[in-house]
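A look at the structure
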Amino acid sequence: SSLKKGLSKTREVLTTDIDDLFRGKRKIDDDLLEEIEELLITSDMGVQTSIDLMDKIKKQSSKISNAHDLKNIIKSEIYNLMNTDQYINEPPLSKPHVIMVVGVNGVGKTTTIGKLAAKLKNDNKKVLIAAADTFRAAAVEQISLWSQKAGADIVKHRENADPAAVAYDGIEAAIARGKDYVIIDTAGRLHTKVNLMEELKKIKRAMGKAMADAPHEILLVLDATTGQNALSQARLFHEAIGITGIALTKLDGTAKGGVVISICNTFEIPLKYIGVGEKIDDLQIFDPKKFIDALFA
Ligand code: GDP
């Protein structure tokens, strides 16, 4: 599957390298434990998660006599760490369901919006995208192209227009046109962090004026290749505007796939989508069981 292919680099660290550790050894000793811990940290699951996991491994070390045993224990303990209860997918209660998408430039926000719109269209949902990243002309152009590819409507204003007004109009248009989903793109320039967060708050308030309980979802897009930096970004956005879900992009081709485990172990915020490529169908609904199976396949 594309998930399995996408995770190949991370899998290499966790499986091939674990096999290598056990060459010529029959039981766990302190050296081996240290090497295991290093491996876990290399996969970018974060120091705390690695420590948590090492505790569990140490407690069960008498049961481990080969790489296969160790992988099985890591696999089930990772699953336990991942807060799996929060992954029950409930259908949205409101129509339109308003999704505000945030994230810093370059993480794959535009691409993720396009993929998400296409996914919803495939489920026969009516989708409208609002181009509220008015700061970059190229961003509006790009999101327009994605909306065409996905078969979604787009609401856009001229360059440098008020992003809050675009979001407001997007929701109004979606209500008038009977859409099921509104996806709202937002700016992601990082060099003016404070202004960005203020802008996002303003956009969020404008949404509430267009529709009482909007946004129903605030989806933060993070780039897996940035490893643990992704977690600092999550904290920053969550403190400023409150995140309800995470989309993690670029899991293909990175050895830092362990960051998924870190996100799931660190935050109460569910990881909802993962990006495993640049194409329109390379977005998957995150399923922890499938993820772990692909990671150790
Ligand atoms: P934005 O600035 O956050 O809107 O980022 P873009 O959506 O323009 O994406 C930046 C780059 O990342 C583009 O070259 C995308 O093709 C690429 N990209 C986005 N998502 C993924 C993914 O899941 N996998 C890979 N390999 N590339 C991705």
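Residues numbered from 1 in each chain as written. Predicted model: local features only at pLDDT ≥ 70, side-chain atom pairs only at ≥ 80, totals over all residues. Heavy atoms only, no water.

The protein is annotated in an unreviewed UniProt entry as Signal recognition particle receptor FtsY from Desulfonema limicola. On record in UniProt, under Subunit (unreviewed entry), the comment for the protein is "Part of the signal recognition particle protein translocation system, which is composed of SRP and FtsY." (UniProt positions renumbered as here; feature names shortened; annotations may be inferred.)

1. Topic: the pattern of salt bridges
Under the definition given, this model contains 15 salt bridges. Between Arg136 and Asp133 there is a salt bridge; the shortest N-O distance is 3.3 Å. Judged by relative accessible area, which is 31%, Arg136 ranks as partly exposed. With a closest N to O distance of 3.3 Å, Lys201 and Glu198 form a salt bridge. Pair noted here: Lys201 and Glu198 are both in helix α9 (residues 193–210), with a separation of 3 residues, about one helical turn. What makes Lys201 partly exposed here is its relative accessible area of 28%. Look at Glu198 and you get partly exposed, because its relative accessible area is 42%. The network of salt bridges with common partners includes Lys75, Lys289 and Asp293. (Salt bridge = Lys/Arg side-chain N within 4 Å of Asp/Glu carboxyl O. Buried < 20%, exposed > 50% of the residue type's maximum accessible area, 1.4 Å probe, protein only. Helix = DSSP H or I, 4+ residues; strand = E, 2+ residues; numbered from the N terminus.)

2. Re the layout of surface pockets
Approximately 170 Å³ is the volume found for the second largest pocket. Along its surface, the second largest pocket is lined by 13 residues, and Thr111, Lys115, Lys250, Gly277 and Glu278 are the ones closest to its centre. Examining the composition of the lining of the second largest pocket, we find that 3 residues originate from one element, helix α6 (residues 109–122), more than from any other. (1 Å grid on protein atoms, 1.4 Å probe; cavity = no way out; pocket = protein on both sides within 12 Å on 5 of 7 lines; lining within 4 Å. Points joined across faces, edges and corners; volume = space filled by probe spheres on them.)

3. Some thoughts on a negative patch on the surface
On the surface, Asp30, Asp31, Glu34, Glu35 and Glu38 cluster together into a patch of negative charge. In this fold, Glu38 is placed in helix α3 (residues 30–42). Relative accessible area serves as the criterion here: at 53%, Glu38 is assigned to the exposed category. (Patch = residues over 30% accessible without salt bridge, like charges linked within 9 Å, V, L, I, M, F, W, Y side chains within 5 Å. Areas by Shrake-Rupley, 256 points an atom, 1.4 Å probe, with all protein chains shown as cover. Lys, Arg positive; Asp, Glu negative; His and termini not counted. Charge placed at Lys NZ, Arg CZ, Asp CG, Glu CD.)

4. Some thoughts on the site of the ligand
Contacts to the ligand come from 18 residues, most closely from Gly106, Thr110, Thr111, Asp252 and Glu278. Between the ligand and Gly108, the relevant distance is 2.9 Å, taken from an oxygen atom to a main-chain nitrogen or oxygen of the residue. A distance of 3.5 Å separates an oxygen atom of the ligand from a polar side-chain atom of Gln142. Burial of the ligand by the surrounding chains reaches 79%, relative to a free accessible area of 590 Å². For the ligand, the cavity whose grid points lie within 2 Å of the majority of its atoms is the second largest pocket. The element best represented in the shell around the ligand is α6, accounting for 4 residues. Among the residues forming the shell around the ligand, the class breakdown is 3 nonpolar, 9 polar and 6 charged. (Near = heavy atom within 4 Å. Polar contact = N/O pair within 3.5 Å; in protein donor to acceptor, adjacent residues only side chain to side chain. Sits in = over half its atoms within 2 Å of the grid points. Nonpolar A, V, L, I, M, F, W, Y, C, P; charged D, E, K, R; others polar.)

5. Quick notes on the environment of Lys59
Here Lys59 shows up in helix α4 (residues 47–59). Taking the relative accessible area as the measure of exposure, Lys59 reaches 73% and is therefore exposed. In the structure, Lys59 is positioned 54 residues away from Ile113 in sequence and 44 Å away in space, judged by C-alpha atoms.

6. Let's talk about helix α2 (residues 8–21)
Taking 1.5 Å of rise per residue, 14 residues should cover 20 Å, and α2 covers 19 Å from first to last C-alpha, within 8% of that figure. Along α2, the residues that are buried comprise Thr10, Arg11, Val13, Leu14, Thr15, Ile18 and Leu21. One side of α2 holds all its buried residues, which, seen down the axis, span an arc of 160°. Those residues of α2 that are buried lie in contact with α1 (2–6), α3, α5 (67–81) and α12 (288–295). (Expected span 1.5 Å × (residues − 1). Arc of directions from axis to C-beta. Contact = heavy atoms within 4.5 Å.)

7. Quick look at the UniProt feature "domain: SRP54-type proteins GTP-binding" (unreviewed entry) in the protein
Annotation from UniProt places "domain: SRP54-type proteins GTP-binding" (unreviewed entry) at residues 270–283. The span residues 270–283 shows a helical share of 0% and a strand share of 43%, and its end C-alpha atoms are spaced 16 Å apart.

8. Observations concerning the nonpolar core
A general tendency of soluble globular proteins is for nonpolar side chains to be buried together. Of all hydrophobic cores here, the largest spans 100 residues; its most connected members are Ile36, Ile57, Leu248 and Phe291. Excluding its chain neighbours within four sequence positions, the residues that come into contact with Phe291 are Leu3, Leu7, Met82, Leu251, Gly257, Val260, Ile261 and Phe286. (Core = buried A, V, L, I, M, F, W, Y, C linked by side-chain atoms within 4.5 Å.)

9. Some thoughts on the confidence of the model for the protein
For the protein, the mean per-residue pLDDT works out to 90, and 95% of the residues sit at or above 70. Here the predicted complex carries an ipTM of 0.99, next to a pTM of 0.92. (pLDDT = per-residue confidence, 0-100.)

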